[in-house]
Amino acid sequence: MANPRLRLLLPWRNFSRRDWAIAAFGFIVFIFFLSLISDSRTSTKTNAPLDFVDLTLLRNAEDQGAVCLDGSAPGYHFQSGFGSGSNNWVLHIEGGGWCNTVSSCLFRKTTALGSSNYMERQVRFSGILSHDSSQNPDFFGWNKVKVRYCDGASFAGNSQQNETQLFFRGQRIWKAVMDELLSIGLSNAKQVLLSGCSAGGLATLIHCDDFQAILPKDATVKCLADAGKMLPEIAECSLSIGMLSTFRGVADSLDKDCVERMGPSQCFFPQEFIKNIKTPVFLVNPAYDFWQIQHVLVPPESDPSGIWAKCRLSIQKCTPDQIEILHGFRNSLLKTLSQFQPSKDGGMFINSCFSHCQTVITETWHSPNSPRINDKCIWRVTIGVLPAFVQTIAESVGDWYFNRKSVKLIDCPYPCNPSCYNMDFTRR
């Protein structure tokens, strides 16, 4: 018997500490796994020095109160640009879900998502951060920054809990990191792209206009949110995020107009404030986002009989009835995008893949095996005339950023797109 929650697409629950720990760990494993795939399938180099970038811990972080959940200094990875990209910057905000209870945040501060003490000292730059023109055709020579995520709330909030020694300082971290980057050259930028995936994609949208405001007036500034769309369709979600808003003090980080209209609990969701963003925005999202399916649409505790056990791990193992429910999930996403589509300066690439965070991995960003959207199987919203094409995400983002053409692409429903890289977690 189908779970009645799914028929109504009731996606959010108040996750337990264990649920959020599993979700965050799963996200890290996914990114690591795809990095290995990218290395083995698309790279012609082995451990080239430029591929790995050192961690820089924020200077004077404690003095500014700009600290991770555990009180340690936040960090970022910086790689200098070269050639014609020397004055251009691409920043990518790391993702990793949220912690929404004291217990889940206490656990999180013992991981790289809550403490710089556990962060890797080097990370490989790939996808949108790659220095290789064959893997990153438009942004390869730019200055590149990966901002590490350790506050648990998409770089929002400014509070602390003395009794638990938890620091919810996302807003301070954001300002302090930006100030430091401005001091090392961002203040002279000519072209800038702020990007992020998952919780980092949400952070990108939250801070997009503020980011533009700190840069030179003549700079071209745009924002790219990858898998940052969330679907607030039930009261449970509002309660969960409302609790997070209460003990984090996030209201000051959120869109002021939205907070006045709806309160902070709803203003974590892009569809409630994206129309207020003045800076041009590009959205990348899989219509069958596996993270949301596994942890929001069908979390394990909502399926005690295990009917969804295989489908949650591989869309290819879903039954016809389950596929119909997933199509409903896709339709909910498309509905939330309807207010964004008329935006003249915006762009989108919504493919029908069982994936998550597609811009940071060469395999899904730009390679011979990358997902593409074909003009024969898309619903297109155009401004003017859009010629036929088959493009990767990287090519689409580049066309949008440099105003080469309007890019608002929505794939047809699964399984129509043979270029999709559909994750299969049953292959272990």
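The structure contained in this document is the topic of the report that follows. (Residues numbered from 1 in each chain as written. Predicted model: local features only at pLDDT ≥ 70, side-chain atom pairs only at ≥ 80, totals over all residues. Heavy atoms only, no water.)

1. A word on the side chain of Thr364
Logical step 1: With respect to the helices, strands and loops of the structure, Thr364 is situated in helix α12 (residues 362–365).
Logical step 2: At a separation of 2.8 Å, a polar atom in the side chain of Thr364 contacts the main-chain carbonyl oxygen of Gln358.
Logical step 3: Once you skip the residues sitting within four places of it in the chain, Thr364 turns out to touch Cys357, Gln358, Ser370, Pro371, Ile393 and Tyr421. (Helix = DSSP H or I, 4+ residues; strand = E, 2+ residues; numbered from the N terminus. Polar contact = N/O pair within 3.5 Å; in protein donor to acceptor, adjacent residues only side chain to side chain. Contact = heavy atoms within 4.5 Å.)

2. Regarding helix α5 (residues 170–183)
Logical step 1: The terminal C-alpha atoms of α5 lie 20 Å apart, and with 14 residues this matches the ideal 20 Å at 1.5 Å per residue to within 8%.
Logical step 2: Listing the buried residues of α5 in full gives Gly170, Ile173, Trp174, Ala176, Val177, Met178, Glu180, Leu181 and Leu182.
Logical step 3: The positive-phi residue at the C-terminal boundary of α5 is Gly185, with phi of around 135 degrees. (Expected span 1.5 Å × (residues − 1). Buried < 20%, exposed > 50% of the residue type's maximum accessible area, 1.4 Å probe, protein only.)

3. Digging into the state of the cysteines
Logical step 1: Scanning the entire structure with this criterion turns up 6 disulfides.
Logical step 2: The disulfide bridge from Cys311 ends at Cys318, spanning 1.9 Å between sulfur atoms. Handedness of the Cys311-Cys318 disulfide follows from its S-S torsion of about 85 degrees: it is right-handed. Cys318 shares its class with Cys311; the two are buried.
Logical step 3: Between Cys353 and Cys420 runs a disulfide, and the two sulfur atoms are separated by 2.1 Å. Because the sign of the S-S torsion sets the handedness, a value of about -85 degrees for the bond joining Cys353 and Cys420 places this disulfide among the left-handed ones. Placement of the pair is Cys353 in the loop between β11 (347–351) and α12 and Cys420 in the segment after β15 (408–411), with a sequence separation of 67 residues. The pair Cys353 / Cys420 is uniform in exposure class, with both members buried. (Disulfide = S-S within 2.5 Å.)

4. With respect to helix α9 (residues 290–297)
Logical step 1: For α9, a buried count of 8 out of 8 residues is recorded, marking the element as mostly surrounded by other parts of the structure.
Logical step 2: Within the span of α9, buried status applies to Phe290, Trp291, Gln292, Ile293, Gln294, His295, Val296 and Leu297.

5. Here's the deal with the environment of Ala203
Logical step 1: Among the secondary structure elements, Ala203 is positioned in helix α6 (residues 199–213).
Logical step 2: Ala203 sits 49 residues away from Ser154 along the chain, and the two C-alpha atoms are 4.8 Å apart.

In short, geometric facts, not functional conclusions.
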